[in-house]
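# Coordinates in review
Letter by letter, the chains look like this.
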Amino acid sequence: MTGPVTRPNGQLYHPRTLSGLPDVTALRKLRDAGVAALMYGPPGTGKTSVVEAAFGDLVTVQGDGDTTVADIVGEYTQTPDGKFVFVHGPLVRAMREGRTLFIDDATLIPPTVLAVVYPAMDGRRQIMIKANGGEVIDAAPGFYVVAGHNPGVHGAVLSDALASRFSVQIQVSTDYDLATQLKIDTRAVSVARNLSTRQAGGEIRWAPQLRELLAFQKIADVLGTAAAAGNLIGTAPEEDRDIVATAVKIAFGKTVAPLALGARI
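Residues numbered from 1 in each chain as written. Predicted model: local features only at pLDDT ≥ 70, side-chain atom pairs only at ≥ 80, totals over all residues. Heavy atoms only, no water.

### Observations regarding the pairing of strand β8 (residues 84–88)
Remark: a regular strand shows side chains that alternate across the two faces of the sheet. For clarity, the threshold we go by: Paired strands are those between which DSSP finds at least two bridges. In this text, helices come from DSSP runs of H or I with a minimum length of four residues, and strands from runs of E with a minimum of two, each type numbered from the N-terminal end.
In terms of strand pairing, strand β7 (residues 74–78) meets β8 through five bridges, oriented antiparallel. Each residue of the ladder has a partner; that of Gly74, found in β8, is His88. Hairpin connection of β7 to β8: five residues between the antiparallel strands, including Gly82 at a positive phi of 95°.

Listed below in structure tokens is the structure:
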């Protein structure tokens, strides 16, 4: 797999190298070998994109601090005639159908909740649903778990129990060369590279990722480059905004204010 891969939303994903292989190929090989993968990196770097490109049979759980066991395994739901039936959740569907379960933002889910997935991932490949009378679910061949983790995001906790379940942990960073190939304004890419270097040095906490650069180009095409540059500044956390504004000024050759409403027309 070397050419672009179409994601479910119709967008093209351009594979990157992973241990000498196209990333989508490497992830599929890991699935065949039963090696669970954890993709980690800042928001907007393309973790979800590569997972969607690699696995066409994806079942997704969007994790957050309010995610419950019921959101993962299922719960009782009242039917129109007043009866209660148990509706199985995404984990059960993926296990029964031998599909890939993607737990996005897995480290935002409370560890006690996420633990419901662990028996399905180890040698047992089985879970028991206590809420449904102790129902036992066995994983069909092909069942696989991949997860996303955003280090540094408030509330994200990579517990030892979670880390030990994912034998391979893959860092995902923004490919700025790809941003250039996608014909994003080279000045915006230069700003992102500059800030990424300063972020790596601990000078700032935030740097534009591919998501922000794609948004920059869309805004520039609609409202103009100045508006896109101003939005880039406004997107930055307040504590980093002055440094971002300086980087934008250097790259674009003029002072740009954060995108804002002006006087009444």
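### Observations concerning a negative patch on the surface
Spelled out, the test is: A patch consists of residues exposed above 30% relative accessible area that lack any salt bridge, with like charges linked at up to 9 Å and nonpolar side chains (Val, Leu, Ile, Met, Phe, Trp, Tyr) linked at up to 5 Å. Here the accessible surface of atoms and residues is derived via Shrake-Rupley with a 1.4 Å probe, and residues count as covered only by protein chains that are part of the display. Salt bridge, as applied in this entry: a Lys or Arg side-chain nitrogen positioned within 4 Å of an Asp or Glu carboxyl oxygen. Charge convention: Lys and Arg are scored as positive, Asp and Glu as negative, and His as well as the terminal groups of each chain are ignored. By convention, charge coordinates are those of NZ in Lys, CZ in Arg, CG in Asp, or CD in Glu.
A cluster of acidic residues, Asp64, Asp66, Asp71 and Glu75, forms a negative patch on the protein surface. Tracing the sequence through the fold places Asp64 in the loop between β6 (59–62) and α3 (69–73).

### Some remarks on the environment of Asp177
Going by this rule: Buried means the residue's accessible area, taken with a 1.4 Å probe over protein chains only, is under 20% of the maximum for its type, while exposed means over 50%, and partly exposed covers the values in between. Here a polar contact is taken to be a pair of N or O atoms separated by no more than 3.5 Å, where protein atoms must pair a possible hydrogen donor with a possible acceptor and residues adjacent in sequence count only if both atoms sit in side chains.
Tracing the sequence through the fold places Asp177 in helix α8 (residues 176–181). Take Asp177: its relative accessible area is 46%, and that puts it in the partly exposed class. With 25 residues separating them along the chain, Asp177 and Gly202 place their C-alpha atoms 23 Å apart. Of note is the side chain of Asp177, whose polar atom sits 2.7 Å from the side chain of Arg193.

### Observations concerning the pattern of salt bridges
Counted by the stated rule, this structure contains 10 salt bridges. Of the charged contacts, one joins Glu97 and Arg99 as a salt bridge, the two residues approaching to 2.7 Å between their closest N and O atoms. Given a relative accessible area of 25%, Arg99 falls into the partly exposed group. A salt bridge links Asp185 to Arg187; the nearest nitrogen and oxygen atoms lie 2.9 Å apart. Judged by its relative accessible area of 16%, Asp185 is buried.

### Observations regarding the packing of aromatic side chains
So the rule is basically this: A pair of aromatic rings is counted whenever rings of Phe, Tyr or Trp (Trp by its six-membered ring) have centres within 6.5 Å, and the orientation is called stacked for planes under 30 degrees apart, edge-to-face for over 60 and tilted otherwise.
For the coordinates displayed, the defined rule picks out three aromatic pairs. Ring geometry for Phe55 and Tyr144: centres 5.6 Å apart, planes at 55°, overall tilted. Placement of Phe55 in the loop between α2 (47–54) and β6 and of Tyr144 in strand β12 (residues 144–149) is noted, with a sequence separation of 89 residues between them. Both residues of the pair, Phe55 and Tyr144, belong to the buried class.

### Topic: the environment of Ile109
Which entries qualify depends on this criterion: The criterion used for residue contact is that any of the two residues' heavy atoms lie within 4.5 Å.
Topologically, Ile109 is positioned in the loop between β9 (100–104) and α5 (111–114). Relative accessible area serves as the criterion here: at 3%, Ile109 is assigned to the buried category. Linking Ile109 and Val69, residues 40 residues apart in sequence, is a C-alpha distance of 9.8 Å. In contact with Ile109, not counting residues within four places along its chain, are Gly63, Asp64, Thr67, Ile103 and Leu114.

Geometric values such as these leave the question of function open.
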